[in-house]
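The primary structure of each chain is shown beneath.
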2 protein chains.
Amino acid sequence: MINAKKYIIEKVERAKNASKKLGLIPTVVKNRALLKIAENILKNSGRIISENLKDIENAEKQKLSSALIDRLKLNEKRIVSMTDGLKQIAKLPDPIGEVIEKIKRPNGLKIEKIRVPLGVIGIIYESRPNVTVDSVGLCLKSGNCAILRGGSSAINSNKILSKIICDAVYSSGIPDGTIEFIDNTDRIIISEILRLSNYIDCIIPRGGEGLIKYIRENSSVPVIAHGKGVCHVYVDKYADIEKAVKISFNAKVQRPGVCNAMETLLVHKDIAKNFLPVMLAEYKKADVEIRGCEKTRKIVGGIKFATENDWYTEYLNLILSVKVVSSIAEAITHIEKYGSHHSDAIITENKKSAEKFLKEVDSAAVYHNASTRFTDGGEFGMGAEIGISTQKIHARGPMGLRELTSYKFVVHGNGQIRK
Amino acid sequence: MINAKKYIIEKVERAKNASKKLGLIPTVVKNRALLKIAENILKNSGRIISENLKDIENAEKQKLSSALIDRLKLNEKRIVSMTDGLKQIAKLPDPIGEVIEKIKRPNGLKIEKIRVPLGVIGIIYESRPNVTVDSVGLCLKSGNCAILRGGSSAINSNKILSKIICDAVYSSGIPDGTIEFIDNTDRIIISEILRLSNYIDCIIPRGGEGLIKYIRENSSVPVIAHGKGVCHVYVDKYADIEKAVKISFNAKVQRPGVCNAMETLLVHKDIAKNFLPVMLAEYKKADVEIRGCEKTRKIVGGIKFATENDWYTEYLNLILSVKVVSSIAEAITHIEKYGSHHSDAIITENKKSAEKFLKEVDSAAVYHNASTRFTDGGEFGMGAEIGISTQKIHARGPMGLRELTSYKFVVHGNGQIRK
């Protein structure tokens, strides 16, 4: 316990000191370091894969789920994709130093609101080793030091990745302490981290609901969390059926395991009889399991009954809840009650319905005639992303480089005093 | 305990429901409600003062400090000032609905980033009853419902104020539940509030260090806190002595009891002998108690010795720590170590010194040749303020209407699906 505390304090102190220098490092140096990491990762892909194999074997021994093992796995393709991410981040504009606003006051004071790094960011994550690389890329470019705490299942992969990363950044002129990887996978470390508000400016948890809930409830450091995605598509009575089928199919099937995939389809009663048989036939071809409300089951036979619990569920799988609603108001009420305020879409050709939905649905992203799958930093033109926030404080929706920054007011005077 | 929970849940549920409507209320209705509150407060000033007298008498019976009794006190002048604040807020532009950014994507998606309210804001404060009125004004205008929990010492004042406020807003077309005042001053209520992250979007504590620390450490709801202000003025070796004297005097003396007043004066050794005797003579005339470092005491006799603890202290009083430093780097290191990242100023005629200081001092507001006393929503041209954030997440520095908002992405498509 005392050792865990000492161990982590040493790391965060180094990071805190580094953060004072890192915020002042020129863009060109940060970009060079990013490209160097990418280069070294590619050079060492064989070693990375063999270390990753140890994690995979351990996971198999422990009979972890195949979904988890898949998240854990690194292969050539995934390694290239991680390094492509770094190269892309190197190309993005540097957010630090940006003048967000200029204010000139009647007393002659010139105030500039200037973008600065948050400082030290703690990333607490689970089995995906690519989070190590993505987080370093985004933190480094935005001038933030990173305290990385990955899950025990990925420890061998993370150790080799963090070694490669540190070798690359510290040989590129980045201050020592910028990246602190925590190789102690004892759970007690997390509770220690959550108390270090004097050193860490922000915690970003990445992982399952349990981890995020634990961190939210136990952290005295501010948390930016991306919660689960119980996303809806509402097919309005004025929907174009062809668009509705295409979008509803895409939102569920194109990549069901991610947070912006649809989990519940809401259908207006006046269009249900025309729309549902076509739609559900499409889903059948893609092996989507349907759980329907009473009305849905009357229109299309042979489907399971959706329970109250289904409406709250993020399946992350080829399962879909379907409900027939009597009005757009009922659809909105359903989304507000059961949804997770992530991404929700209306399919309609009626302007008023669209406006009502877009205004009243209180989600990070609301869509008119497009798939919920677009909620993504890349798709929104922000470059890379560190997650999708479902909270309202600080950042909402996809979080890119800018969302990892704060600002300061720089005030230029010539002797002004307050009267 | 069960009753406390039930009591508070009923209130936050009402607020949560109201927040869904309040965000859609037109500006004109919100402004009318603000002016109506002001009108009703003025009309009832006699009743307010007599209820406030009960609080004052209780405070005197309990022998509370004169500073606290002063914060508690309402008189005609303070009542007029509260209502002036409301009138000013009514005049400010409505932040809600503002299009922050427009993005057009190659696939034809039109994305708008639109400003929306946070939702439900919990304000937890201590003895100042004007916080009740200020918070209502700012929350209402920014479309947020307010859960108000004032201190027990101001309970009579807050009860009458919240009654007047609710009468005014609910007769102006504002949804029932928008303002929920908590008249139960049991401490257990605060710990209940801090767990209601399903209902409350953000907690803003206003009060002493102890309250803010308790809330930071125990809240699972995101917190935006304004911490203490240990502000510095650094008189560089290239300072204009006349400016330095004027600004240093203003920063300490003009209103010593507030967070943006200076607590520590740092002086470059090369200018100390010319500057300090003049400066300290000015402070003497204003009865400022000086606590100096060894070098300061060598230059000006008869002053107290500053202890290590003094450098950390927010006096909020006519006391000042003074330190002679050997370089601008030492000044910056001192500020980073002992300061609270609130407001810090450099006085210099040298551009390079100014740039170094403004870049390297990591505070919400940094000043060149101006008094730290300007860190204030009004002085920065933001209109009213709900506090000054010394954290980096969400908002930093003065927090006005905009800082009480979030945003959502509204995406307009014509059938786009993700490939």
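Note that the coordinates shown come from a computational prediction; the quantities given were computed from them, not determined experimentally.

Asker: Go over the overall build of chain A with me, naming the residues and quoting the values.
Answerer: Helix and strand counts for chain A come out as 15 helices and 16 strands. In terms of overall dimensions, chain A is globule-like: its C-alpha atoms have a radius of gyration of 24 Å, near the 22 Å expected for 419 residues. Dimensions along the principal axes, computed over C-alpha positions, put chain A at roughly 70 × 70 × 40 Å. Evaluated residue by residue, chain A yields a buried proportion of 53% over its 419 residues. In chain A, the proportion of contacts linking residues at least 24 apart, taken out of those at least 6 apart, comes to 73%.

Asker: Account for the sheet that holds strand β16 (residues 405-416) of chain A, naming residues and giving values.
Answerer: Spatially, β1(A)-β2(A)-β16(A)-β13(B)-β12(B)-β7(B)-β8(B)-β11(B)-β9(B)-β10(B) is the arrangement adopted by the 10 strands of the open sheet, whose pairing is mixed. Both edges of this open sheet fall to β1 (99-104) of chain A together with β10 (304-305) of chain B, since each of them pairs with a single strand only. The pairing of strand β9 (residues 289-292) of chain B with strand β11 (residues 319-325) of chain B spans 4 bridges and is parallel. Bridge pairing in β11(B) links B:Ile290 to B:Leu320.

Asker: I'd like to hear about the sheet that holds strand β9 (residues 289-292) of chain A, residue by residue, with values.
Answerer: One open sheet holds the 10 strands; their spatial order is β10(A)-β9(A)-β11(A)-β8(A)-β7(A)-β12(A)-β13(A)-β16(B)-β2(B)-β1(B), and the pairing between them is mixed. Since the sheet does not close on itself, it has two edges, and those belong to β10 (304-305) of chain A together with β1 (99-104) of chain B, each with one partner. Where strand β8 (residues 262-268) of chain A and strand β11 (residues 319-325) of chain A come together, 5 bridges link them in parallel fashion. In the strand pairing of β11(A), A:Leu266 is matched with A:Lys323. Along the sheet, helix α11 (residues 269-285) of chain A contacts β7 (231-235), β8, β9 and β11 of chain A; its crossing angle with β8(A), the most-contacted strand, is approximately 145°. Docked against the sheet, helix α14 (residues 328-338) of chain A engages β7, β8, β11 and β12 (343-347) of chain A, running at close to 140° with respect to β11(A).

Asker: For the nonpolar core, give the residues involved together with the corresponding values.
Answerer: Ranked by size, the top nonpolar core spans 232 residues in total, and within it A:Ile37, A:Ile200, A:Val411, B:Ile37, B:Ile200 and B:Val411 carry the most contacts. Apart from residues lying up to four places away in sequence, A:Ile200 is in contact with A:Val12, A:Val120, A:Gly122, A:Ile147, A:Ile193 and A:Val221.

Asker: I'd like a rundown of the relation of the copies chain B and chain A, residues and numbers included.
Answerer: Mapping chain B onto chain A leaves a residual RMSD of 0.0 Å; the transformation is a rotation of 180° accompanied by 0.0 Å of translation along its axis. The superposition of one copy onto the other is thereby described by a two-fold rotation axis. Of every C-alpha in chain B, the one belonging to B:His394 sits nearest the axis of rotation, 1.8 Å from it. Comparing interface residues between copies, 100% of those in chain B also lie at the interface in chain A; the contact surface is shared.

Asker: Which residues make up helix α14 (residues 328-338) of chain B, and what values do they have?
Answerer: Residue and element names in this part refer to chain B. Regarding α14, the residues found buried are Ile328, Ala331, Ile332 and Ile335. Buried residues of α14 fall within an arc of 95° about the axis and therefore sit on the same side. Along α14, the residues that are exposed and aim more than 90 degrees away from the buried face are Ala329 and Lys337. On the buried face of α14, the contacting elements are β7 (231-235), β8 (262-268), β11, β12 (343-347) and α15 (351-360).

Asker: Tell me about the domain arrangement of chain A, residues and numbers included.
Answerer: Each assigned domain of chain A is listed with its residue range as follows: domain 1 (2-225 + 394-412) and domain 2 (231-374). Taking only C-alpha atoms into account, the centre of domain 1 of chain A sits 35 Å from that of domain 2 of chain A.

Asker: Residues and numbers for unusual backbone geometry, please.
Answerer: Residue and element names in this part refer to chain B. In the Ramachandran plot, lysine 63 falls in the positive-phi region, its phi being about 55° despite a non-glycine side chain. With respect to the helices and strands, the residue lysine 63 is situated in the loop between α3 (45-61) and α4 (66-72). Non-glycine residue histidine 394 carries a positive phi angle of around 70°. Relative to the assigned elements, histidine 394 resides in the loop between β14 (387-389) and β15 (397-399). We classify histidine 394 as buried; it has 23 C-beta atoms within 10 Å.

Asker: Any chance you could break down the pairing of β1(A) for me, citing the residues and the numbers?
Answerer: All names here are of chain A. In terms of burial, β1 is a largely surface element, 0 of the 6 residues being buried. As paired elements, β1 and strand β2 (residues 110-117) share 5 bridges and run antiparallel to each other. The residue of β2 that forms the bridge with lysine 102 is glutamate 112. In textbook terms, the turn of a hairpin is the stretch between consecutive antiparallel strands, and for β1 and β2 this stretch comprises 5 residues, one of which, glycine 108, has a positive phi near 95°.

Asker: Now, about the environment of B:Ala261: what can you tell me, with residues and values included?
Answerer: Residues and elements named next belong to chain B. Looking at the secondary structure, you find alanine 261 in the loop between α10 (241-253) and β8. Here the alpha-carbon distance between alanine 261 and glycine 177, two residues 84 residues apart in the chain, equals 38 Å. Non-local contacts of alanine 261, meaning those with residues more than four positions away in its chain, are made with Cys231, Ala251, Lys252, Arg255, Pro256 and Arg373.

Asker: Please give an account of the packing of helix α2 (residues 27-43) of chain B against helix α6 (residues 130-141) of chain B that cites residues and values.
Answerer: Residues and elements named next belong to chain B. Where α2 contacts α6, the two axes come as close as 9 Å, and the packing angle between them is 165°. It follows from the interaxial angle that α2 and α6 lie roughly antiparallel. When the axes of α2 and α6 are compared, the crossing they make is right-handed. Facing α2, whose interface residues are Lys30, Ala33, Leu34, Ile37 and Ile41, α6 presents Val133, Val136, Gly137, Leu140 and Lys141. Each residue belonging to the contact of α2 with α6 can be placed in one class, and the counts come to 7 nonpolar, 1 polar and 2 charged.

Asker: Go over helix α11 (residues 269-285) of chain B with me, naming the residues and quoting the values.
Answerer: Residues and elements named next belong to chain B. Compared with the 24 Å implied by 1.5 Å per residue over 17 residues, the 24 Å span of α11 between its first and last C-alpha is a close match. The sharpest bend along α11 measures roughly 50° and falls at phenylalanine 275, with the proline proline 277 sitting one to four residues further on. Turning to α11, its buried residues number three or more, namely Ala272, Phe275, Leu276, Met279, Leu280 and Tyr283. Of the surrounding secondary structure, the elements contacted by the buried residues of α11 are β7, α10, β8, β9, α12 (294-299) and β11. Of the residues one or two after α11, aspartate 287 is the one with positive phi, at around 60°.

Cut-offs applied
- Residues numbered from 1 in each chain as written.
- Chains lettered and ligands numbered in written order.
- Predicted model: local features only at pLDDT ≥ 70, side-chain atom pairs only at ≥ 80, totals over all residues.
- Helix = DSSP H or I, 4+ residues; strand = E, 2+ residues; numbered from the N terminus.
- Rg over C-alpha atoms; globule rule 2.2 N^0.38 Å.
- Buried ≥ 20, exposed ≤ 12 C-beta atoms within 10 Å, placed from the backbone.
- Contact = placed C-beta atoms within 7 Å.
- Pairing = 2+ DSSP bridges.
- Axes fitted to C-alpha atoms, helices over the stretch in contact; angles between N-to-C directions.
- Core = buried A, V, L, I, M, F, W, Y, C linked by C-beta atoms within 7 Å.
- Least-squares fit on C-alpha atoms with pLDDT ≥ 70 in both.
- Arc of directions from axis to C-beta.
- Domains from an automatic or database assignment.
- Parallel < 35°, antiparallel > 145°, perpendicular 65-115°, else oblique.
- Left-handed = near helix turned anticlockwise from the far one by under 90°.
- Nonpolar A, V, L, I, M, F, W, Y, C, P; charged D, E, K, R; others polar.
- Expected span 1.5 Å × (residues − 1).
- Bend = angle between axes of the 7 residues up to and from the residue.

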